[in-house]
Amino acid sequence: MKKAGIVGLRRGERLIVVVQERGCIEEACCLKELARRSQQEGVREIWIDLENCSYVDSTFLGIMVGLAMFMGKQNGTVRVVKASVRSREAMAVLGVDRLLGLCSEASGIEGEKVEIPESGPTNRQLAKALVAEAHRNLIEWDPGNAGRFQPVLELLGTPGTNMGQSS
């Protein structure tokens, strides 16, 4: 199994996730599990550092959206810090930039290293479920994304709405 390209740091009630190189299904899976575990341990703020991330796919963005919607319901926040130009462009196309707090400068990107969960879904069925969840999140956040991602959900054989179930 491929090792996900993320580093986790904890600083009080803040989790900082540094994405190295790219944000794809492996990183999305780790991000979701790491955020779930950290939220249970009292994290109220998640920073996702995309400075060195040259590529993010829709699955990764959809998981970020799901985390942001979930954390918002829990009086928490998710923000993207130091996103590369390419990452900002991908977020803008899907409307994700309106949900996530984008910050080009950020101090405090340090903390105690956090153990990273195993990367990627362990089987095809889990991968399919993660991809479907991510794309339902993108449609739920911005119904304008339905034209882009409804075919993906149909191909996966899953319903088109997530009804707020994320993370």
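Everything that follows concerns the structure shown earlier in this document.
Now for a quick tour of the structure.

Conventions used here
Residues numbered from 1 in each chain as written. Predicted model: local features only at pLDDT ≥ 70, side-chain atom pairs only at ≥ 80, totals over all residues. Heavy atoms only, no water. Helix = DSSP H or I, 4+ residues; strand = E, 2+ residues; numbered from the N terminus. Buried < 20%, exposed > 50% of the residue type's maximum accessible area, 1.4 Å probe, protein only. Lys, Arg positive; Asp, Glu negative; His and termini not counted. Salt bridge = Lys/Arg side-chain N within 4 Å of Asp/Glu carboxyl O. Polar contact = N/O pair within 3.5 Å; in protein donor to acceptor, adjacent residues only side chain to side chain. Contact = heavy atoms within 4.5 Å. Core = buried A, V, L, I, M, F, W, Y, C linked by side-chain atoms within 4.5 Å. Arc of directions from axis to C-beta. Pairing = 2+ DSSP bridges. Axes fitted to C-alpha atoms, helices over the stretch in contact; angles between N-to-C directions. Left-handed = near helix turned anticlockwise from the far one by under 90°. Nonpolar A, V, L, I, M, F, W, Y, C, P; charged D, E, K, R; others polar.

Things to note about the side chain of Asp57
Within the secondary structure layout, Asp57 lies in the loop between β5 (53-56) and α2 (58-73). The buried charged residue Asp57 lacks any salt bridge partner; its closest oppositely charged side chain belongs to Arg22, at an N-O distance of 6.3 Å. Among the polar contacts listed, one links the side chain of Asp57 to the backbone nitrogen of Thr59, at a separation of 3.2 Å. Among all residues touching Asp57, those that are not within four sequence positions of it are Gly23, Cys24 and Ile25.

Some thoughts on the nonpolar core
Counting 42 residues, the largest nonpolar core has Leu50, Met64 and Met91 as the members making the most contacts within it. The leading source of residues in this core is α2, at nine residues. In this view, Met64 contacts Leu31, Ile48, Val80, Met91 and Leu100; residues no more than four positions away in its chain are not counted. Listed in part, the six residues of the second largest apolar core include Leu9, Val18, Trp47 and Val81.

Examining helix α5 (residues 146-156)
Among all positions of α5, only Phe149, Leu153 and Leu156 are buried. Within α5, the buried residues cover an arc of 60 degrees as seen down the axis, which keeps them to one side. Exposed and facing more than 90 degrees away from the buried side of α5 are Gly147, Glu154 and Leu155. Downstream of α5 by one or two residues, Gly157 has phi in the positive range, about 75 degrees.

As for the sheet that holds strand β8 (residues 112-114)
Sheet strands associate in pairs through backbone hydrogen bonding, adopting either a parallel or an antiparallel arrangement. Pairing within the open sheet is mixed, and its six strands lie in the order β7-β6-β4-β2-β1-β8. Each having just a single partner strand, β7 (101-103) and β8 make up the two edges of the open sheet. Strand-to-strand twist in this sheet, taken as the mean axis angle between neighbours without regard to direction, amounts to 25 degrees. Contacting β1 (6-11), β2 (14-19), β4 (45-49) and β8, helix α1 (residues 25-40) crosses the sheet at an angle of about 170 degrees to β2. Of the strands in this sheet, β2, β4 and β6 (77-81) touch α2, which is tilted by about 140 degrees from β6.

Describing the pairing of β1
Pairing of β1 with β2 involves six bridges; the strand directions are antiparallel. Bridge assignment links Val7 to a residue of β2, and that residue is Val18. The hairpin turn running from β1 into β2, its antiparallel successor, is two residues long, and Gly12 in that turn takes a positive phi close to 60 degrees. Pairing of β1 with β8, which is carried by three bridges, proceeds in the antiparallel orientation. The partner of Gly8 across the bridge, within β8, is Val114.

Some details on the packing of α2 against helix α4 (residues 124-141)
At a minimum axis separation of 7 Å, α2 and α4 run at an interaxial angle of 65 degrees. In this structure, the crossing between α2 and α4 has a hand that is left-handed. Where α2 abuts α4, its residues Ser58, Thr59, Leu61, Gly62, Ile63, Val65, Gly66 and Met69 lie against Leu130, Val131, Glu133, Ala134, His135, Asn137, Leu138, Glu140 and Trp141. Grouping the amino acids of the contact of α2 with α4 by side-chain chemistry returns nine nonpolar, six polar and two charged.

These results come straight from atomic positions and should not be treated as a statement about function.
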